[in-house]
Amino acid sequence: MAVIARRISHLGTENAFKLGDDIQRCLDRGMDVIRFNLGAPDFRSAPHLNRVASDALDAGRSGYCDPAGILPFRQAIAAHVTRTRGVEAGPDRVVVTPGAKPPIGYTLQTYVDEGDEVIYPSPGFPIYESWVRFVGAVPVPLHLSDDRDFAFNADDLSTLITERTKLIILCSPSNPTGGVLSRDELAGIAALIRERCRPDIRIYSDEIYEQILFDGLEHESIVSHPGMEERTVLASGHSKGFAMTGWRLGWAVLPTAEEAAVFKRININIMSCVPPFLQEAGVAAYEDPASAGVVRAMVDEFERRRDWIVPALNAVPGVRCRTPKGAFYVFPDVSRMCESLGVGEAYAALPAGARSRTTPAGMLQMFLLYRYGVATMDRASFGRIGAEGQDFLRLSIANSMDDIRRGVARIGAAAEDAAGFAGFVAEEAARGDEGLFA
Ligand code: PLP
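What you see is a predicted model; the values in this text were computed from it and never measured.

## Regarding the overall build of the protein chain
Per the secondary structure count, the protein chain includes 17 helices and twelve strands. With the principal axes as the frame, the protein chain shows a C-alpha extent of 60 × 50 × 50 Å. With 438 residues in all, the protein chain has 57% of them scored as buried. On the protein chain, roughly 18100 Å² of surface is accessible, and the fraction owed to carbon and sulfur atoms is 52%. Here the protein chain holds 46 positive side-chain charges and 57 negative ones, and the gap between their average locations is 3 Å.

Given below as structure tokens:
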């Protein structure tokens with residue numbers, strides 16, 4: 001009998017957290033590391049929200065609360081959804097979760113049986129693929145391409161829907177691409193779902209970046225289209241738009257109160273409740289008029305950084321970067337940079353086992369980190385299936401302009417350093433089993 005149960009071998013991870021060990025190793029060597037890997041705004045949570053939580057603590061509201069979430073917060077979420085998506089979801093359909101990540105696993109556990117097919121965007125948030133495998137479902141990646149700005153339409157989705165499809169995951173604005181689905185694209189997707197999917201098929205709409213849109217775009221949701229509210233699990237929260245990642249405030253709006261009761265039951269089984277004093281600040285985020293200006297200032301700053309970094313990256317030899325419309329990431333194609341550095345040859349020369357654990361973009365990622373002090377994320381970190389031959393990196397612009405400038409300059413220097421790359425690979429090979437590409 002093994003110590004660890006077999007099912008755990010199917011559980012994936014999020015490399016943005018895993019890369020922390022490599023970054024620490026670089027810091028321990030005295031390097032200065034620019035963290036383009038981070039998925040958290042480099043802003044603090046707003047003082048007016050901090051104050052609400054600390055006042056609630058001082059007032060003694062520090063015990064357990066309703067496992068579905070305190071009523072005022074569920075009401076505030078329902079009102080926010082009505083305001084922004086035009087659907088009337090009462091608080092009995094809302095469940096508060098510790099961040100927007102848990103509803104992904106809750107959804108897979110609630111709706112998907114072994115052998116069911118789940119369609120999800122790739123590249124996409126890695127936790128989708130992780131949970132699909134964990135519940136024994138069949139992963140059906142919907143591949144997004146940069147020449148279409150990482151958007152997709154009903155025709156792309158249509159070819160993937162079968163009799164066995166049980167869940168379709170959407171994410172807009174997207175991590176890692178910054179791609180945004182337009183109202184027309186969503187209308188086409190909704191029409192296709194109405195036509196081709198049984199009523200028991202669920203849509204999971206991950207809208208955690210709903211506030212972070214550029215070029216004057218407004219957030220659009222599948223749930224606003226006819227027939228979608230009764231099939232969609234809509235998830236979002238406070239991590240990104242309100243810069244509250246560590247607070248762990250997220251929520252889901254379920255198609256029915258019965259389905260919300262299932263999510264509540266999962267909450268009860270795992271963590272009882274989200275701390276009530278944090279939820280009080282969650283209410284204020286939606287209701288205090290001071291919030292809008294704080295969010296606007298942050299989004300404007302992300303847009304300013306985007307406008308600087310996209311042309312700067314495109315000026316680096318071998319890099320092609322699209323202009324994201326939302327979230328706070330850029331996702332450049334670095335295949336020509338890999339070519340000129342000889343990354344493909346170095347990858348091909350690795351033993352088969354080592355090749356299966358990395359990718360050419362993964363080798364470039366390590367070179368940038370260990371030799372140039374720039375932490376990025378490779379394409380395979382956002383869904384492994386079908387990632388072969390796609391050399392992309394994700395860079396987060398949740399960094400100061402100064403760090404962004406220094407980071408891009410370092411990437412530019414690395415792009416000209418084929419000898420440095422060859423030396424790096426040789427050094428790692430000489431470290432045998434300890435090497436990065438062993
Ligand atoms: N969904 C997407 C697309 C994300 O990028 C993230 C965080 O990076 C999450 C969900 C999880 O958000 P939270 O930190 O609120 O759990």
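## Structural notes on helix α4 (residues 71-85)
Taking 1.5 Å of rise per residue, 15 residues should cover 21 Å, and α4 covers 21 Å from first to last C-alpha, within 8% of that figure. By the burial criterion, the buried members of α4 are F73, R74, A76, I77, A78, H80, V81 and R85. Contacts from the buried residues of α4 go to β2 (94-97), β7 (232-237), β8 (250-253) and α10 (276-287). The positive-phi residue at the C-terminal boundary of α4 is G86, with phi of around 70°.

## A few points about the site of the ligand
In the region of the ligand, 13 residues are neighbours, and A100, D206, S239, K240 and R248 sit closest. About the coverage of the ligand: the protein hides 94% of its 390 Å² of free accessible area. Class assignment for the residues of the shell around the ligand results in six nonpolar, three polar and four charged.

## Examining the packing of aromatic side chains
The full count for this structure, using the stated rule, is 17 aromatic pairs. Each ring, one from F328 and one from Y329, has its centre 4.8 Å from the other, and the planes form 45°; the classification is tilted. Judged by relative accessible area, F328 falls into the buried class, the value being 0%. Measuring from centroid to centroid gives 5.3 Å for F367 and F421, while their planes differ by 85°, and the two rings are edge-to-face. Of this pair, F367 sits in helix α15 (residues 360-372) while F421 sits in helix α17 (residues 418-430); the two residues are 54 residues apart in sequence, bridging distant segments of the chain.

## Let's talk about the domain arrangement of the protein chain
Each domain of the protein chain was delimited in the assignment, giving domain 1 (6-31 + 293-431) and domain 2 (47-289). One C-alpha centre belongs to domain 1, the other to domain 2, and the line joining them spans 28 Å. Taken together, the contact between domain 1 and domain 2 spans 35 residues of the former and 38 residues of the latter. Where domain 1 abuts domain 2, roughly 3200 Å² becomes buried across the two surfaces, and 60% of that area is made up of carbon and sulfur atoms.

## A few points about the pairing of β2
As a general feature of sheets, a regular strand has side chains that alternate between the two faces. What you see with β2 is no split at all: V94 and V96 on one side and V95 and T97 on the other are buried throughout. In the sheet, β2 pairs with β8 via four bridges, with the strands oriented antiparallel. The residue bridging V96 from the neighbouring strand is W251, located in β8.

## A word on the sheet that holds strand β6 (residues 202-206)
Taken in spatial order, the seven strands line up as β2-β8-β7-β6-β5-β3-β4 in an open sheet, and their pairing is mixed. Strands at the two margins of the open sheet, each flanked by one partner only, are β2 and β4 (138-143). On average, each strand axis in the sheet is tilted by 20° relative to the strand beside it, whichever way the strands run. Of the pairings in the sheet, the one linking strand β3 (residues 117-122) to strand β5 (residues 165-171) comprises three bridges and is parallel in character. If you follow E117 over to β5, its bridge partner there is T165. Docked against the sheet, helix α6 (residues 126-134) engages β3, β4, β5 and β6, running at close to 160° with respect to β3.

## Some thoughts on the pairing of β5
In terms of residue burial, β5 counts as a mostly covered element, since seven of its seven residues are buried. One crossover worth recording links β5 to the parallel β6 by way of helix α8 (residues 183-196), and it is right-handed.

## Brief notes about the side chain of S236
Tracing the sequence through the fold places S236 in strand β7. A distance of 3.0 Å separates the side chain of S236 from the backbone oxygen of E207, its partner in a polar contact. If near-sequence neighbours (up to four positions away) are discounted, S236 is found in contact with A100, E207, I208, E210, G250 and W251.

## Remarks on the sheet that holds strand β9 (residues 329-330)
Across the sheet, which stays open at both edges, the three strands sit in the order β9-β12-β11 with antiparallel pairing between neighbours. Only two strands of the sheet have a single neighbouring strand rather than two, namely β9 and β11 (377-378). Pairing of β9 with strand β12 (residues 393-396) involves two bridges; the strand directions are antiparallel. Paired with V330 across the bridge in β12 is L395.

## Details of the packing of α15 against α17
At a minimum axis distance of 11 Å, the contact between α15 and α17 shows a crossing angle of 95°. Here α15 lies roughly perpendicular to α17, going by the angle between them. Across the interface between the two elements, M363, M366, F367, Y370 and R371 from α15 touch G420, F421, G423, F424, V425 and E427 from α17. By residue class, the composition of the contact of α15 with α17 is seven nonpolar, two polar and two charged.

## A look at the packing of helix α11 (residues 290-314) against helix α16 (residues 401-415)
Two elements in contact, α11 and α16, have axes separated by 11 Å at closest approach and are oriented at 15°. The pairing of α11 with α16 is recorded here as roughly parallel in orientation. For α11 against α16, the interelement crossing comes out right-handed. From α11, E301, R304, R305, W308, I309, A312 and L313 reach across to α16, where they touch M401, I404, R405, V408 and I411. Grouping the amino acids of the contact of α11 with α16 by side-chain chemistry returns eight nonpolar, no polar and four charged.

## Things to note about the environment of L393
Within the fold, L393 resides in strand β12. Expressed as a C-alpha distance, the spacing of L393 and V334, which sit 59 residues apart in the sequence, is 7.0 Å. L393 has contacts with V330, F331, P332, V334, A361, L364, Q365, L368, T376, M377 and D378, leaving out every residue within four places of it along the chain.

The rules behind each value
Residues numbered from 1 in each chain as written. Predicted model: local features only at pLDDT ≥ 70, side-chain atom pairs only at ≥ 80, totals over all residues. Heavy atoms only, no water. Helix = DSSP H or I, 4+ residues; strand = E, 2+ residues; numbered from the N terminus. Buried < 20%, exposed > 50% of the residue type's maximum accessible area, 1.4 Å probe, protein only. Areas by Shrake-Rupley, 256 points an atom, 1.4 Å probe, with all protein chains shown as cover. Lys, Arg positive; Asp, Glu negative; His and termini not counted. Charge placed at Lys NZ, Arg CZ, Asp CG, Glu CD. Expected span 1.5 Å × (residues − 1). Contact = heavy atoms within 4.5 Å. Near = heavy atom within 4 Å. Nonpolar A, V, L, I, M, F, W, Y, C, P; charged D, E, K, R; others polar. Phe/Tyr/Trp six-rings, centres within 6.5 Å; stacked < 30°, edge-to-face > 60°. Domains from an automatic or database assignment. Buried area = accessible area lost by both parts, 1.4 Å probe. Pairing = 2+ DSSP bridges. Axes fitted to C-alpha atoms, helices over the stretch in contact; angles between N-to-C directions. Right-handed = clockwise from strand over helix to strand, strands pointing away. Polar contact = N/O pair within 3.5 Å; in protein donor to acceptor, adjacent residues only side chain to side chain. Parallel < 35°, antiparallel > 145°, perpendicular 65-115°, else oblique. Left-handed = near helix turned anticlockwise from the far one by under 90°.

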